[in-house]
Amino acid sequence: MNKDIIVIGGYGHVGSQICTLLSERYPGHVYAAGRSLERAEQFSKTKGGKVKPLRLDLTKKADPKLLKRAKLVVMCMDQKDTAFAEACSQNGVYYVDVSANGAFLTRLEALASPSRTLPGTAVLSVGLAPGLTNMLVRQASEAMDHTNRADITIMLGLGDSHGKAAIEWTVDNLRVDFDIVENGSLVAATSFTSGKTSDLGKGLGRRTAYRFPFSDQQTLPRTLGIPSISTRLCFDSRIATGSVALLQKFGLKKMLRSERMRKAAVWSFGKLRYGSDQFAIKVDAYGTKNGLPFTAEYGLQGSNEARTTARTAAAVAGAIYDAILPPGIFHIEELFTMELASDRLSLRLTNSAENGQSFTIDEIRCWDREVFQ
């Protein structure tokens, strides 16, 4: 039987942590895959053989023999096309994607259609944002009868250790225009504009965050039917957040179109250690309950964003590995429910009798507040 778990980008910043977590549960069946066999082998040695090395080049056609022995693929790398994900689905391999590229996730969604059935199951939006943000919006939405709007605020710590790909993604998205959904219609938005203040909870207080093209705000109107969704970003340093917003007013987007300036910004963010490794997520949802206006607020606080992303991906992978899932392409909130406690949260497959176990992501402070207005 196919039992292997292939983590592509498995020796990278997030992928290596996913491999480590999964290898504790499935020792000898986890492969750290990527173009560099040398780096994969070096990482494998540090895990005492629990994680095996594998050379895999996404620019080449997927090896059918490899897919026949794989049960699950966890994708931790940005891709240029959907060929590999499609090959996984065609071969009935479970596929989990940690990517945050909204345009690419939309292309993955398009692989499935009423006229075309793929035997495999893909789970998208698996990480911190998108991922836990999606789950918090679902949680808030389920607290009321009807949800009119949900505002997502994300705070990232500048003192955290971020992989190069994550830094490049952040810098590149400071220079883009994108669409958001307001009252069911697409509206144009510009990155790091339209500041909005939200209370991020104990120790953090009220923070002003700015629009940022996280993919959850494009996905959730479709999956949860909420007519208005927005996602905003701030940093743990108020000075840094305000400075980026000010620079945007004076033409930061245009400056970053220069490759020289882009590289300088990536280098600067990579060297910056001003701040903490703390992150926070806050969802403010507005709607009605029992015919009255109702507000639901849900928040998370933790440290080390990459570790939490890895734990989320490992929890999803562990849940679906032993489950029998319907074929199709889903976002995390379509298959999972969330259980909140003061110091942890757990993910559980929705309506899955054969997989009643919940998968815990600890070292996270959770809080909520629900009020009639």
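That block above? That's the structure.
Residues numbered from 1 in each chain as written. Predicted model: local features only at pLDDT ≥ 70, side-chain atom pairs only at ≥ 80, totals over all residues. Heavy atoms only, no water.

Engineer: Quick one: what's the story with the overall build of the chain, residue by residue and with numbers?
Structural biologist: Within the chain one finds 13 helices and 19 strands. Rg of the C-alpha trace for the chain: 20 Å, near the compact-globule value of 21 Å for 373 residues, within the 12% margin. Along the first, second and third principal axes, the C-alpha atoms of the chain reach 55 × 55 × 40 Å. Evaluated residue by residue, the chain yields a buried proportion of 54% over its 373 residues. (Helix = DSSP H or I, 4+ residues; strand = E, 2+ residues; numbered from the N terminus. Rg over C-alpha atoms; globule rule 2.2 N^0.38 Å. Buried < 20%, exposed > 50% of the residue type's maximum accessible area, 1.4 Å probe, protein only.)

Engineer: Which residues make up a nonpolar patch on the surface, and what are the values?
Structural biologist: Nonpolar side chains collect at one region of the surface, where Leu 247, Met 255 and Met 261 lie side by side and expose about 240 Å² of accessible area between them. Structurally, Leu 247 can be placed in helix α9 (residues 238-249). In this structure Leu 247 comes out as partly exposed when scored by relative accessible area, which is 42%. (Patch = residues over 30% accessible without salt bridge, like charges linked within 9 Å, V, L, I, M, F, W, Y side chains within 5 Å. Areas by Shrake-Rupley, 256 points an atom, 1.4 Å probe, with all protein chains shown as cover. Salt bridge = Lys/Arg side-chain N within 4 Å of Asp/Glu carboxyl O.)

Engineer: Quick one: what's the story with the sheet that holds strand β18 (residues 359-362), residue by residue and with numbers?
Structural biologist: In space, the three strands of this open sheet follow the order β16-β17-β18, with antiparallel pairing throughout. Across the chains shown, the open sheet's two edge strands, defined by having one partner strand only, are β16 (336-341) and β18. Here the average twist between neighbouring strands, direction ignored, is 25 degrees. Across the sheet, helix α6 (residues 128-142) touches β16, β17 (344-349) and β18, and the angle it forms with β16 is around 85 degrees. Together, β16, β17 and β18 form the strand contacts of helix α12 (residues 305-321), whose direction differs from that of β18 by roughly 175 degrees. (Pairing = 2+ DSSP bridges. Axes fitted to C-alpha atoms, helices over the stretch in contact; angles between N-to-C directions. Contact = heavy atoms within 4.5 Å.)

Engineer: Run through the side chain of Thr 82, naming residues and quoting values.
Structural biologist: Relative to the helices and strands, Thr 82 is located in the loop between β4 (70-75) and α4 (83-90). By relative accessible area, which is 12% here, Thr 82 ends up buried. When neighbours within four sequence positions are excluded, Thr 82 is seen to be in contact with Phe 104, Arg 107, Leu 108 and Leu 111.

Engineer: Help me get a handle on the environment of Lys 254, residues and values and all.
Structural biologist: Examined against the element boundaries, Lys 254 turns out to sit in helix α10 (residues 252-255). Taking C-alpha positions, Lys 254 is 23 Å from Lys 196, a pair spaced 58 residues apart along the chain.

Engineer: Could you give an account of the state of the cysteines, naming the residues involved and the relevant values?
Structural biologist: Tallying each qualifying case throughout the model produces zero disulfides. This cysteine, Cys 19, is not joined by any disulfide, and Cys 76 carries the nearest cysteine sulfur, 7.4 Å off. Here Cys 19 falls in the buried class, since its relative accessible area comes to 0%. Counting only cysteine sulfurs, Cys 366 is the nearest neighbor of Cys 234, a cysteine outside any disulfide, at a range of 18 Å. (Disulfide = S-S within 2.5 Å.)

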